[in-house]
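Structure at a glance
The residues making up each chain are set out below.
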Amino acid sequence: MLLIWNRPGFTEGLTEQDRTTLFGEVDAIMKELTETGELVDGQALANPSQTLTVRQIDGSTEVVDGPFMESKEQFAGYLTVECDSPQRAAEIAARWPDVRYGGAMEVRPVMEQAGTEM
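As a starting point, this report considers the structure included with it. Note that the structure is predicted; figures quoted are calculated from it, not measured. Within each chain, residues carry numbers counting from 1 in the order of the written sequence. Selection of residues for local features in this predicted model requires a pLDDT of at least 70, selection of side-chain atom pairs for listing and counting requires 80 or more, and totals for whole chains, interfaces and linings are taken over all residues. Hydrogens and water molecules were not included; the side-chain quantities draw on all heavy atoms of the structure.

Structural notes on the pattern of salt bridges
Side-chain pairs of opposite charge can arise whenever the charged atoms involved come near each other. Here a salt bridge means any side-chain nitrogen of Lys or Arg lying within 4 Å of a carboxyl oxygen belonging to Asp or Glu. Taken as a whole and judged by the stated rule, the model has 8 salt bridges. A salt bridge links Glu16 to Arg19; the nearest nitrogen and oxygen atoms lie 2.8 Å apart. Placement of the pair is Glu16 and Arg19 together in helix α1 (residues 16-36), with a separation of 3 residues, close to one helical turn. For Glu16, a relative accessible area of 52% corresponds to the exposed category. Burial status follows relative accessibility: with a 1.4 Å probe on protein chains alone, a residue under 20% of its type maximum counts as buried, one over 50% as exposed, and anything between as partly exposed. Residue classification places Arg19 among the partly exposed positions, given a relative accessible area of 22%. Only runs of H or I of at least four residues qualify as helices and only runs of E of at least two qualify as strands under DSSP, and these elements are numbered from the N terminus.

Brief notes about the side chain of Glu38
Counting through the fold element by element, Glu38 comes out in the loop between α1 and β2 (39-44). Given the relative accessible area of 11%, Glu38 is considered buried. Any pair of N or O atoms that falls within 3.5 Å is considered a polar contact. Within protein, one atom must be able to donate a hydrogen and the other to accept it, and sequence-neighbouring residues count only if both atoms are side-chain atoms. Among the polar contacts made by the side chain of Glu38, one reaches the side chain of Thr36 at a distance of 2.8 Å. Polar side-chain contacts of Glu38 include one of 2.9 Å to the side chain of Arg88. Glu38 has contacts with Leu33, Thr80, Val81, Glu82, Cys83, Arg88 and Ile92, leaving out every residue within four places of it along the chain. Every residue pair with non-hydrogen atoms within 4.5 Å of one another is taken to be in contact.

Below is the structure:
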């Protein structure tokens, strides 16, 4: 799974041309992954302002607004890909345009339902 991390609203600070280029690159990568059969799933997430965080504190469940992470980046979306190797997944992640704008892509294997292996 490729986890997309970026600063909320970072595209608003880009020029129209840079936004068009960025979204065009995303479209090209998605098209390529669809054509190669590597794309399994993927979604962008809503703005972090629409987030609820649920925690257990002193035996009580607490639900609060927002992700409240100590980070400039927020989890923005994901791609699930079926690749020959972790290196191929990292190659795809390295091409994701958000990375050039200060974001990050986390490459993490998905655990099989049958066990806890990684």
